[in-house]
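Okay, here's what each chain looks like letter by letter:
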Amino acid sequence: MHRFPYINDYVNDVFARERTRWDFLYLRPLLLVLYFFVRIIIFPFKFVLHRFPFGYEAWFIDRSMAFGMKYLASHDAAELFIRHIQIEPLLYRFLLSLEGIETPRTDRKLNGIDGDYGIDEIRGLAKSNLTLGHDQLSYEVLDRFDKQTFLANLPWLRSLKPEDHNQFSKKALEENRKHSYQLLGPTNIVMLVVMAITVFGDLRTTVTALNSFDSDSLLLWCLKQIYAHDPSAQVDLDFFLQETSNRGHYNASVFFSNPSQYLYYHIVFDEVVYEMLRTRPAPSGQPAS
């Protein structure tokens, strides 16, 4: 079975099942080609006629995403998507934690690092302006992060774990089990979400969404600091070093955006880092043997 040693078992299992699916074998290549032509046609149009929002963009993006989650996504795809929605803000909360200071939580649904990420129904994903709100997390953590504060709190952070994502409701997965035709796996669901943002979003919003990987660079740097004395962890993290596009800092042309990058370099990275922080204590002194 095709498995990557630097990816955790959960993600490896999801990918192993997906590689046998018809949509991964036959539909995925068609969507990649379609997206190549869509972005070449749509971005010059947006530059001239759709530079700023008209007001309908988020409605179309979120409802197309919710429809896909309810009726088209496989259970693996829906679960991975919802896990990511909940895990990413927990990782950022962890990075921003301060010893002796408790950050108050807000009741903003599915928005903001300190918001409420319980997902009781798929309809709630659309009502909360999730898609564009989720992309804003990357910018919020960069605005709130302070290097010197992080380094001063580093010994304390090494003794902590991110909060358990299972504290949040995942009842929306029951809707997927009940209504979905299980047609699309994780790769194609992510590609369609990216395509929806590209097609329906205004130029400013689309560029903002497609350039929301800077926080991954920050997260990687923080993890390499936390596990500075663990050579084995460093080896695993090196496989997530920045590659081309905007992770190789800091802004890239939307004409070269890669929808697969959202899955393999963003969602997977968060899964690996989250499990590492939850299950792998960070040495605080001498390098690990």
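Here we summarise the structure given alongside this text. (Residues numbered from 1 in each chain as written. Predicted model: local features only at pLDDT ≥ 70, side-chain atom pairs only at ≥ 80, totals over all residues. Heavy atoms only, no water.)

Enumeration according to the criterion identifies three cavities of 30 Å³ or more in this entry. Estimated volume of the largest cavity: approximately 270 Å³. When residues of the lining of the largest cavity are traced back to their parent elements, those giving at least two are helix 4 (75-95), helix 6 (130-144), helix 10 (186-200) and helix 14 (259-279). When residues in the lining of the largest cavity are grouped by element, the largest group, five residues, is from helix 6. A per-class count over the lining of the largest cavity returns eleven nonpolar, six polar and two charged. (1 Å grid on protein atoms, 1.4 Å probe; cavity = no way out; pocket = protein on both sides within 12 Å on 5 of 7 lines; lining within 4 Å. Points joined across faces, edges and corners; volume = space filled by probe spheres on them. Helix = DSSP H or I, 4+ residues; strand = E, 2+ residues; numbered from the N terminus. Nonpolar A, V, L, I, M, F, W, Y, C, P; charged D, E, K, R; others polar.)

For the rest of this paragraph, the subject is the pattern of salt bridges. For the structure shown, the criterion picks out 18 salt bridges. Linking Glu140 and Arg144 is a salt bridge whose minimum nitrogen-to-oxygen distance equals 2.9 Å. Here the residue Glu140 and the residue Arg144 both occupy positions in helix 6, the gap between them amounting to four residues, near one helical turn. Residue classification places Arg144 among the partly exposed positions, given a relative accessible area of 35%. (Salt bridge = Lys/Arg side-chain N within 4 Å of Asp/Glu carboxyl O. Buried < 20%, exposed > 50% of the residue type's maximum accessible area, 1.4 Å probe, protein only.)

Overall, the coordinates contain 15 aromatic pairs when judged by the stated rule. Consider the rings of Tyr6 and Phe240, whose centres lie 5.9 Å apart with planes at 85°: the pair is edge-to-face. Of the two residues, Tyr6 sits in the segment before helix 1 (9-18) while Phe240 sits in the loop between helix 13 (231-238) and helix 14, which places them 234 residues apart along the sequence. An identical accessibility class is assigned to Tyr6 and Phe240; each is buried. Plain terms: the ring middles of Tyr117 and Phe168 are 6.2 Å apart, the flat faces sit at 65° to each other, and that makes the pair edge-to-face. One end of the pair, Tyr117, is in the loop between helix 4 and helix 5 (122-127); the other, Phe168, is in the loop between helix 8 (154-157) and helix 9 (172-179), with 51 residues separating them in the sequence. As far as burial versus exposure is concerned, Tyr117 and Phe168 are alike and both buried. Here the basic side chain of Arg51 rests over the ring of Phe47, its NZ or CZ set 4.5 Å away from the ring centre. (Phe/Tyr/Trp six-rings, centres within 6.5 Å; stacked < 30°, edge-to-face > 60°. Lys NZ or Arg CZ within 6 Å of the ring centre and 35° of its normal.)

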